[in-house]
Structure formats: structure tokens, C-alpha cells
Amino acid sequence: MEAERKNVCIVGGGLVGSLCACFIAKRGYNVDLFEMRQDFRADATVLGRSINLALSHRGLEALERVGLREKVTKSGIPMHARMIHSLDGKTRPIPYGRTGQFIMSVDRMGLNGVLLTEAESQPNITIHFGHKLVSCDPTTGETVFSTDDSTVKRTYDLIVGCDGAFSAVRKSMMRHCRFDYEQRYIEHGYMEIAFPPSESGGHCMATNYLHIWPRNQFMLIALPNLDGSFTGTMFMPFELFDQLKSPEAVVKFYRDTFPDALELLGEKTVVDTILSLKALPLVSIRCQPYHLNDKMLIIGDAAHAMVPFYGQGMNCGFEDCIILDDLMQQFGHDFGKVLPAFTNSRVEDAHAIVDLALYNYIEMRQSVNSVTFLLRKKLDNALNWLLPNHWVPLYTMVTFSRTPYSRAITDRRWQDRVLGRLLCAAAVAASVCAACAAHRVGVTRALRTHWSQMAFRASRMIEGLRKA
Ligand SMILES: Cc1cc2nc3c(=O)[nH]c(=O)nc-3n(C[C@H](O)[C@H](O)[C@H](O)COP(=O)(O)OP(=O)(O)OC[C@H]3O[C@@H](n4cnc5c(N)ncnc54)[C@H](O)[C@@H]3O)c2cc1C
Ligand SMILES: COc1ccc2c(c1)CN(c1nc(C(=O)N(C)c3cc(Cl)c(F)cc3C(=O)O)c(Cl)s1)C2
């Protein structure tokens, strides 16, 4: 059957669904894109609330394929480095790589709007806002959508679930096959907080940076917006959010933990934000298969929702679209081949990045503060400078390449082994030197104790670094 005769249903007009519609339509299929929310593109309140995300290589490559890379990047802000904010108010930049290697801060609703408008402009795409999928049948391709005042039933040759972490399409798949599914809510919640522009209307902090306040149990990050503001995101245990119940408690917490951010935000913003908003949950989802028969597929967060501690959820979902497109190129209209091939080629890598993001959350919570975060990144960058083709930091493979996520992790495990041996050797050498120095110069007992303490501390610090 020719493409023109095949009808494809895409459930979810979020970031991945609206991009997927552009890919599928370019192949000639008739696309119906269903979104349960109303069209927010004209809604000033939605557009006014700037929530941003980090767009990197995988996502940029997908946008390139549908001719949207320039349109999206011209309304984004490049971030060339992280800016680490220490408790003493000092800031230190850590570049993402060589010059020219940067990630983009983009507005979430602005990006979604661009993708929906591009999809809408295609003659073979129809967008149905206010339509919520209530059921679908992976054998017949039948779908049932509910609107405010009616029910819409349609049958399709292919149903693509891009309906996010709590996907209705995935739920229907679970009832029709041996479906492996696990989800995990982490103990941290997140809350956005707006850094206003400075009096002059510019950015209140250095513009082209991803600002981070790493505090082990808590973390604040901030990405720049075009209007001179920053959107901050606080990550803290729910039990801590629950303790911040009075203006005094809120101000004290910020003064103790993020003093420089408090100056920029102002006490009123911090108090109003934390006392009026509710911290939101973060969930991690691993499941398989991603397809059923030749009728149904899930991509994006519907397939692999992840905690945001690698900035890869959207980038991974956008890369799903590239992989699906390549398989349609390879197998043509034979969805009976395309869909199983998608599961076979994507599950391992999607699970890898879901696990990596979770691991990074745990690592950052346990051992990352300004010092270790700084040292590990500088060590990574130094070894990359020394051995550019052999030592590619994990975040570089993840963020600045399309290296399969699973391969990036096996490479990292090798790096950890090498680094571990290097650092242990350095610790032993440091201790031996200290002992020899103490012995050779015949220093008094007090100094000898001091040296051995120094040696012990050096080895402990190096051990801590190895773990970081
Ligand atoms: C705090 C935070 C920070 C993040 N930062 C980054 C980052 O820096 N970089 C990055 O790459 N990713 C980031 N992410 C992840 C990113 O937001 C998600 O991976 C991405 O939004 C997934 O897109 P999606 O289209 O698959 O799902 P969603 O964005 O959830 O969209 C799903 C759409 O489906 C619709 N829908 C749901 N159910 C139905 C139904 N039954 N019928 C019809 N429509 C339905 C919803 O209304 C929605 O529009 C972050 C996430 C969080 C929480
Ligand atoms: C809008 O809300 C959010 C929330 C979290 C993130 C983002 C946007 C964007 N994020 C990115 N993370 C990386 C990364 O690889 N790592 C290891 C990092 C992980 C953390 Cl948690 C961090 F704070 C810095 C880095 C870093 O290296 O800069 C990028 Cl590269 S971009 C995380």
C-alpha cells in the first residue's frame, strides 16, 4: 500500500509528538495529531511562564532533519560552560569542551509552538486539540478520543504514543502483551523559580552559562532566557520542601544554602515562590517492548521518562524520531519490520540513559559539591586535552555526540577503572613521598604527625575524587 493511503495517529502534541508528526508526514503518510490540551500558542499566561530546557547535539540533529535547526537555535541562548556557585559566593566556570562546543537554553513552550506550527503547515497533518485518548486497540488500530462534549472513534494503520510519562497508549499495550515495566519516583522534588532581569534589563548573572549551585542534598540550577531573566530549578527532598512553611524558614534556608542567589532573586520572590508552589515529582520509567504488532509504538517519555540530571529526556525523545525515520527509510512502509527493529535498536540505549540520569542524581546528591564537581570535570577536561581520541568524558559523549548511550557508559566504566588506578597510584606516591620527606629531613615528631595527617588527608581526598 502506498504511503499516501496509510493513516497514522500520533497521540500527544508535546515536544516529541509534534516533532514526530513532521518526520512521519515527510514520508508521505496522512497524520492525525491528537493533543488533550487546548491550543496554548495564543495563551499569554502559558507563554508568559518561561520554563526552559537544555537542547544539545542529539536534539539539534533531529531538528536539522526537518529543517528547523536554525529557527529553533536563533531563539535559544548558547551555554558554553557551567558556572559553579560555591557556598562562599565564589563562582568558577567549567567549559563544556573546546570553543564551539555549547548547549542551547531554549524555551519549552516556544519550542513546542514552533514544532506545532511546522506540523500544522503540512498539508497531510491535521492537529486535533482538546482530544484525549481514552482507549486504543493494538490489534485493530481502533482509537477512542474524548472531547469536552463528544467521543471520536477512528481506526489507523499505525498509532504512535508520544503522550508522556503517564502514557495512555503504553497502558493499552500493557494489557495486550508480556510487557516489562518499572517506574521509580525519586525522593527529590523540583520547583521552578524566576531570576528577574537586572535593573538595566540584562541578565543578572553571566548570560552564556548553565549556573549550578551544587550542595550535595540540594541543588539549584539556572538557565538563561531571551528576556534577560533566568529560570531556576530547585531540586530538594520533598521532606525539606515540607519544612519550608514560613517566610522566616524560607529566607533562612536560602541565606544558609544559596546566599548569592537570594541576593539576585530577592526575599519576596523566594518566599512567594516556595510558599505558593507545590514541588513536583520526578519519575524514571524503564519498559519494553516499545512496539506491539505492526500497529503500535511508543517513543519519548512514554517509552523512557527519565530524571533530568543529564538534560537528555527531550534530546533522547528527539533522537527516537531520527531512529524511527532511518528504519522507515530502510524498511519502507512495512511497519511489521520497522516497529520490532525500533524496539531492538532503542531499548538498550534508552535504558542506559535512564539509568545514567538516575545514577548521576544519586552521585550528585551524595558526593558532588563545588569542589568535587569542579575537580572531576577539570580532570575529565584535562585528560581529554591530553588524549583527545582516547579520553572523551562521558558527558561529552552523551551531550555532544550521537554515540549510543550504552556505548558511552561502557567507555565510562573503562575510564573509571583507569582513573581509579591512576588516583590510587597517586595516593600511594603522595604518602610515600610524605613519609620519605618526614624521615629524610628528620623532622620532629609533631611535624611527622602533621605530614602523615597530610598524607592521610591527601589519600582520602583522592579516594573521594575517585568516587565522584
Ligand atoms: C525539571 C525538568 C527539567 C528537564 N530538563 C530537560 C533538559 O534540560 N533537556 C532535555 O532534553 N529534557 C529535559 N527534561 C525532560 C523533557 O521535559 C521531557 O523528556 C520531554 O518533555 C518529553 O517530551 P514528550 O513529548 O515525550 O512528553 P511530554 O512533554 O510529557 O508531552 C506529552 C504530551 O501528550 C499529551 N497527552 C498526555 N496524555 C494524553 C492523552 N491521553 N491524549 C492526548 N494527549 C495526551 C500531553 O498533554 C503533552 O502535551 C526535563 C524534565 C523536567 C521535569
Ligand atoms: C531545566 O532543568 C534542568 C534540570 C537539570 C538539567 C538541565 C536542565 C540541563 N542539564 C544538563 N546536564 C548536563 C550534564 O551532562 N551533566 C552531567 C550535568 C548534570 C547536572 Cl544535574 C547539572 F546541574 C549540570 C551538568 C553539566 O554537566 O553541566 C548537561 Cl551537559 S546539560 C541538567
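Small disclaimer: the values here were computed from a predicted structure and weren't measured.

## Description of the site of ligand 1
The environment of ligand 1 is made up of 28 residues, and the closest members are Glu-35, Arg-37, Ala-54, Arg-108 and Asp-301. The separation between an oxygen atom of ligand 1 and a polar side-chain atom of Arg-37 is 2.7 Å. Coverage of ligand 1 by the protein chains reaches 85% of its 1000 Å² of free accessible surface. Of all elements in the fold, only α1 (15–26), β3 (52–55), β9 (132–136) and α12 (313–331) reach the threshold of two or more residues within the shell around ligand 1. In terms of residues, the shell around ligand 1 owes the most to one element, α12, which gives 3 residues. Its residues assigned to classes, the shell around ligand 1 shows 13 nonpolar, 9 polar and 6 charged.

## Looking at the packing of helix α3 (residues 57–65) against α12
It is the contact of α3 with α12, at a shortest axis distance of 7 Å, that shows an interaxial angle of 45°. Judged by the angle between their axes, α3 and α12 are oblique. Relative to α12, α3 is oriented so that their crossing is left-handed. Residues Arg-58, Gly-59, Glu-61, Ala-62, Leu-63 and Arg-65 of α3 touch α12, and the partners they reach there are Asn-315, Phe-318, Glu-319, Ile-322, Asp-325 and Asp-326.

## Thoughts on the packing of aromatic side chains
Within this structure, the stated rule accounts for 15 aromatic pairs. Ring geometry for Tyr-96 against Tyr-395: centres 6.3 Å apart, planes inclined by 70°, an arrangement best described as edge-to-face. Placement of the pair is Tyr-96 in the loop between β6 (91–95) and β7 (103–107) and Tyr-395 in helix α15 (residues 394–399), with a sequence separation of 299 residues. Accessibility assignment for this pair places Tyr-96 and Tyr-395 in one class, buried. Seen in terms of ring centroids, Phe-195 and Phe-230 are 6.5 Å apart; in terms of plane orientation they differ by 75°. Their pairing is edge-to-face. With a gap of 35 residues between them, Phe-195 in strand β13 (residues 180–195) and Phe-230 in strand β16 (residues 230–237) connect regions that are remote in the sequence.

## So, the side chain of Thr-257
With respect to the secondary-structure elements, Thr-257 resides in helix α8 (residues 247–257). A relative accessible area of 8% means that Thr-257 is categorised as buried. A polar contact of 2.8 Å, which involves the side chain of Thr-257, links it to the backbone oxygen of Phe-253. Not counting residues within four places of it along the chain, the set of residues in contact with Thr-257 comprises Leu-87, Arg-215 and Phe-218.

## Brief notes about the site of ligand 2
Around ligand 2 sit 20 residues in total, of which Asn-52, Arg-82, Tyr-96, Ile-221 and Pro-308 are the nearest. Arg-82 has a polar side-chain atom sitting 3.0 Å from an oxygen atom of ligand 2. Between ligand 2 and Tyr-96 there is a distance of 2.7 Å, counted from an oxygen atom to a side-chain nitrogen or oxygen. The fraction of the free accessible surface of ligand 2 (600 Å²) that becomes covered by protein chains is 95%. Put simply, the parts of the chain that give the shell around ligand 2 at least two residues each are β3, β14 (209–215), β15 (218–224), β16, α13 (335–367) and α15. In terms of residue class, the shell around ligand 2 is made up of 13 nonpolar, 5 polar and 2 charged.

## Focus on the pairing of strand β11 (residues 151–155)
Of the strand pairs in this sheet, strand β10 (residues 142–146) and β11 are connected by 5 bridges, and their pairing is antiparallel. By the bridge assignment for β11, Glu-142 is matched with Thr-155.

## Considerations on the domain arrangement of the protein chain
The domains assigned to the protein chain are domain 1 (3–76 + 103–183 + 282–363), domain 2 (185–281) and domain 3 (371–467). Between domain 1 and domain 3, the contact holds 19 residues from the first and 14 residues from the second. Summed over both partners, the interface of domain 1 with domain 3 buries about 1400 Å², with 55% contributed by carbon and sulfur atoms. Between Arg-402 and Glu-319 there is a salt bridge whose closest N-O contact spans 2.8 Å. At the surface where domain 1 touches domain 3, the tally comes to 8 residue pairs in polar contact (both at pLDDT 80 or more). Of all the elements in the fold, those that place two or more residues in the side of domain 1 that touches domain 3 are α3, α12 and α13.

## Quick look at the side chain of His-211
Residue placement: His-211 occurs in strand β14. Overall, His-211 belongs to the buried group, its relative accessible area being 1%. Here His-85 takes part through its side chain, which lies 2.8 Å from a polar atom of the side chain of His-211. From its side chain, His-211 meets the backbone oxygen of Ala-206 in a polar contact 2.7 Å long. Setting aside residues no more than four positions away along its own chain, His-211 makes contact with Met-83, His-85, Met-205, Ala-206, Leu-220, Ile-221, Ala-222 and Phe-230.

## As for the sheet that holds strand β12 (residues 158–161)
Taken in spatial order, the 6 strands of this open sheet run β8-β2-β1-β12-β19-β18, and their pairing is mixed. Both outer strands of the open sheet, β8 (125–129) and β18 (291–292), are each paired with one neighbouring strand and no more. In this sheet, strand β19 (residues 296–298) lies alongside β18 in antiparallel orientation, the contact comprising 2 bridges. Counterpart to His-291 in the pairing with β19 is Leu-297. The sheet strands contacting α1 are β1 (7–11), β2 (30–35), β8 and β12, and the helix crosses β2 at an angle near 175°. Relative to β8, helix α5 (residues 108–120) is tilted by about 130°, and along the sheet it contacts β2 and β8.

Rules used throughout
- Residues numbered from 1 in each chain as written.
- Chains lettered and ligands numbered in written order.
- Predicted model: local features only at pLDDT ≥ 70, side-chain atom pairs only at ≥ 80, totals over all residues.
- Heavy atoms only, no water.
- Near = heavy atom within 4 Å.
- Polar contact = N/O pair within 3.5 Å; in protein donor to acceptor, adjacent residues only side chain to side chain.
- Areas by Shrake-Rupley, 256 points an atom, 1.4 Å probe, with all protein chains shown as cover.
- Helix = DSSP H or I, 4+ residues; strand = E, 2+ residues; numbered from the N terminus.
- Nonpolar A, V, L, I, M, F, W, Y, C, P; charged D, E, K, R; others polar.
- Axes fitted to C-alpha atoms, helices over the stretch in contact; angles between N-to-C directions.
- Parallel < 35°, antiparallel > 145°, perpendicular 65-115°, else oblique.
- Left-handed = near helix turned anticlockwise from the far one by under 90°.
- Contact = heavy atoms within 4.5 Å.
- Phe/Tyr/Trp six-rings, centres within 6.5 Å; stacked < 30°, edge-to-face > 60°.
- Buried < 20%, exposed > 50% of the residue type's maximum accessible area, 1.4 Å probe, protein only.
- Pairing = 2+ DSSP bridges.
- Domains from an automatic or database assignment.
- Buried area = accessible area lost by both parts, 1.4 Å probe.
- Salt bridge = Lys/Arg side-chain N within 4 Å of Asp/Glu carboxyl O.

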